[in-house]
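Letter by letter, the chains look like this.
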Amino acid sequence: MAGRLLLMCRLLTRHLRRHRAENVLLLVAITAATATLTLGLTLTELVTRPYERTRAATAGPDLVVEPGFPGPQALDALAPLATLPGVTEHSGPYPLVFLALTARDTTVRVIVEGRDQAPAAVNRPAVTDGTWVRPGGVVVERTFADALGIDLGDTVSVDGHPLHVTGFTVTAARPVYPQVHWHLPGGNLVEKGGLVWVDHGDIATLAGDQPLSYTLNLKLVDRDAGAGAIRPGGDVRFRGWSFRSARDIAHSSGRQNRQAETALVVGAWLLTGLAVVGIAGIVAGRVIARRRRVGLLKAIGAGPGMIAAVHLAEYLVIGLAAAGAGLAIGWFAAPVLFRSSAGFVGSVGVNPPPHVVVTATALALALAVAATLGPVLRAAATSTIEALADVPTPPRRRRWTIWLSRRLPTALLIGVRINARRPHRARLVTVNTLITTAALAAVLTILAQDDDPLNLGYSELPDPRNERTLQAMLIVAGVACFLALLNTIVSTWTAVLDTRQPLAVARTLGATPAQAGLGLAVAQLLPAIPGVAVGIPFGIGLYLFFDGERYPPVSWTLSTAIGVLVAVATLTAVPALAAARRPVADTLRSTAT
């Protein structure tokens with residue numbers, strides 16, 4: 001047993017060292033799929049973790065209460081809540097007024113909250129730039145300021161009253177822009193808007209004739225009790241009131257990422273298919289190149305189990321390395337690409353949560369095993385004589401195919417026979433182009449949708465959800481094109497290695513180097529055509545299944561289909577023509593030895 005383990009380790013080390021280029025391609029393919037899945041799973045953490053840090057840094061409340069009516073009676077109704085048995089600390093009630101803010105010729109809804117300059121025991125918004133409230137000034141919630149392009153020192157107007165922007169802050173007491181729960185005094189219809197703070201003494205002037213509403217921030221004995229700590233059993237006295245727990249606030253803030261998260265997770269599974277195609281193509285090429293070596297190992301006494309174990313161990317090692325790389329790339333790239341924590345303090349941290357680690361690692365190992373298990377087991381089960389002879393799959397000969405082949409051009413005939421000789425590789429090319437075209441078609445579909453901006457009462461601004469969804473789709477499409485490029489190169493390289501002898505024989509029978517090279521390119525192009533034909537409607541339907549209702553223009557889809565086919569033809573024709581110019585004698589002599 002020790003001798004077999006030592007032999008397996010030596011073979012594994014030798015294979016990893018001798019095939020560095022192939023191992024790098026395998027690593028890149030698995031890493032790309034793992035990183036994209038990690039990116040999708042991280043979007044939720046981009047809100048959850050920074051929100052909890054913001055809640056701790058700002059003494060965020062466990063429950064925020066707003067009565068369903070404004071005026072002095074609201075103050076009277078809130079007063080007893082601060083002394084309930086389940087409440088440990090409180091701040092407020094603070095006055096609120098629901099107005100309109102104008103900045104840079106854009107007018108939007110805004111919640112104005114009056115605060116004291118002294119820090120509160122509960123809900124102390126963290127100033128990220130500038131200073132806290134002071135008379136004649138206004139402090140703007142950070143994501144709201146980013147959306148309007150407000151800078152420190154700017155002058156904004158709140159219902160006609162000019163105010164000087166003194167600072168930007170983040171808070172854990174309300175969701176980030178635009179989910180701040182703006183509503184008319186005493187109303188229950190929640191609208192989108194922004195949040196600002198002013199000095200307590202200025203809010204009455206800003207409110208004018210509008211009665212003041214009030215909000216109370218509470219710390220609870222049971223932090224997860226929510227509204228149940230105030231109104232057990234659903235007390236009818238609180239009908240129409242607003243109760244927002246910390247969990248509700250985090251959930252509302254996370255709505256900005258839902259569509260992008262779905263796009264990335266679905267895209268990760270598409271990229272998984274591309275990675276499987278790439279890995280299977282590389283493995284197929286390696287198995288073809290090693291069939292004689294497998295035969296030699298079996299001739300000296302190695303069993304099928306040992307041969308399969310050596311090959312699978314090699315791919316599992318690469319899969320583990322790709323899992324680590326994909327986790328690191330996806331986890332640290334998410335805050336840079338999406339900035340979903342701009343309304344909070346802190347970042348996602350260094351260590352991803354266990355469920356992200358387990359999911360990404362399982363995907364990487366599953367990719368390594370799923371794409372390699374079939375070819376490896378087939379190679380291990382091949383008889384010694386067949387492995388040494390390296391006999392390809394014989395094409396099925398039918399009368400009508402023979403009749404048709406006599407009338408085909410030489411280059412087309414060579415391409416058809418190459419695919420008949422290795423049908424598995426042709427199927428991989430079809431899947432590769434199908435998934436790539438589907439990703440591109442999905443991007444075209446989202447671009448064809450009507451822009452649905454945020455209605456902020458007086459103006460419309462771009463919806464951050466749409467921007468992040470498009471960004472996620474572009475990431476998926478970019479990675480898909482990159483993987484498809486690698487897969488096409490690998491498929492062409494495998495075909496060049498595998499068809500050296502058949503093409504040399506064809507050239508001895510009269511085929512020119514150009515016909516042989518074009519035949520190899522045709523062998524790659526023919527299976528790509530059905531992949532493109534199916535990929536366009538599949539990608540469009542996949543996006544419309546989740547969102548949208550408009551189809552992209554026919555000119556867009558037709559241009560995409562032609563572009564994909566031209567790219568496949570170009571990527572395969574150049575190396576194919578270069579390989580076909582090798583002297584026939586050298587090819588036959590190297591094969592014979």
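What counts and what doesn't
Residues numbered from 1 in each chain as written. Predicted model: local features only at pLDDT ≥ 70, side-chain atom pairs only at ≥ 80, totals over all residues. Heavy atoms only, no water. Phe/Tyr/Trp six-rings, centres within 6.5 Å; stacked < 30°, edge-to-face > 60°. Helix = DSSP H or I, 4+ residues; strand = E, 2+ residues; numbered from the N terminus. Buried < 20%, exposed > 50% of the residue type's maximum accessible area, 1.4 Å probe, protein only. Lys NZ or Arg CZ within 6 Å of the ring centre and 35° of its normal. Patch = residues over 30% accessible without salt bridge, like charges linked within 9 Å, V, L, I, M, F, W, Y side chains within 5 Å. Areas by Shrake-Rupley, 256 points an atom, 1.4 Å probe, with all protein chains shown as cover. Salt bridge = Lys/Arg side-chain N within 4 Å of Asp/Glu carboxyl O. Lys, Arg positive; Asp, Glu negative; His and termini not counted. Charge placed at Lys NZ, Arg CZ, Asp CG, Glu CD. Expected span 1.5 Å × (residues − 1). Arc of directions from axis to C-beta. Contact = heavy atoms within 4.5 Å. Core = buried A, V, L, I, M, F, W, Y, C linked by side-chain atoms within 4.5 Å. Axes fitted to C-alpha atoms, helices over the stretch in contact; angles between N-to-C directions. Left-handed = near helix turned anticlockwise from the far one by under 90°. Nonpolar A, V, L, I, M, F, W, Y, C, P; charged D, E, K, R; others polar.

(A) View of the packing of aromatic side chains. Per the counting criterion, the structure on display carries five aromatic pairs. Relative to Trp182, the ring of Phe98 has its centre 6.1 Å away and its plane inclined at 85 degrees; by these criteria the two rings are edge-to-face. Here Trp182 lies in the loop between strand S7 (161-170) and strand S8 (194-199) and Phe98 lies in strand S2 (residues 87-103), a separation of 84 residues in the sequence. An identical accessibility class is assigned to Phe98 and Trp182; each is buried. What links up through ring pairs into an aromatic cluster is the set Phe69, Trp241 and Phe243. Over the ring of Trp182 we find Arg109; its NZ or CZ atom is 5.5 Å from the centre of that ring.

(B) Spatial organisation of a negative patch on the surface. On the surface, Asp451, Asp452, Glu460 and Glu467 cluster together into a patch of negative charge. Here Glu467 is to be found in helix H14 (residues 464-498). A relative accessible area of 47% means that Glu467 is categorised as partly exposed.

(C) Region of interest: helix H12 (residues 410-421). Counted at 1.5 Å a residue, the expected span for H12 with its twelve residues is 16 Å, and the 16 Å between its end C-alpha atoms agrees. Listed as buried for H12 are Ala411, Ile414, Gly415, Ile418, Asn419 and Arg421. The buried residues of H12 all sit within an arc of 160 degrees when viewed along its axis, so they share a single face.

(D) Representation of a nonpolar patch on the surface within the structure. Taken together, Val554, Leu558, Ile562 and Val566 make up a surface patch of nonpolar side chains, about 390 Å² in accessible area. Among the structural elements, Leu558 can be located in helix H17 (residues 554-580).

(E) Spatial organisation of the side chain of Thr445. Tracing the backbone through its elements, the reader meets Thr445 in helix H13 (residues 423-448). Beyond its immediate chain neighbours, meaning those up to four positions away, Thr445 contacts Ile540, Tyr543, Leu544, Arg550 and Pro552.

(F) Region of the structure containing the environment of Tyr94. By the element assignment, Tyr94 lies in strand S2. Separated by 120 residues in the primary sequence, Tyr94 and Tyr214 have C-alpha atoms spaced 5.3 Å apart. Once residues within four sequence positions are removed from consideration, Tyr94 is found in contact with Glu113, Gly114, Arg115, Ala120, Ser213, Tyr214, Thr215 and Asn217.

(G) Examining the nonpolar core more closely. In this structure, Leu101, Val112, Phe144 and Ile150 are the most contacted members of the largest nonpolar core, which totals 43 residues. In terms of residues, this core owes the most to one element, S2, which gives five residues. The contacts of Val112, once residues within four sequence positions are left out, are Pro95, Leu96, Val97, Leu99, Val158, Val196, Val198, Ile203 and Leu206. Core analysis: the second largest hydrophobic core is formed by 28 residues, Ala32, Leu37, Tyr315 and Ala439 among them.

(H) A look at the packing of H13 against helix H16 (residues 513-546). H16 packs onto H13 with a crossing angle of 35 degrees between their chain directions and a minimal axis gap of 6 Å. For the pair H13 and H16, the crossing hand works out as right-handed. In terms of residue class, the contact of H13 with H16 is built from 17 nonpolar, eight polar and one charged.

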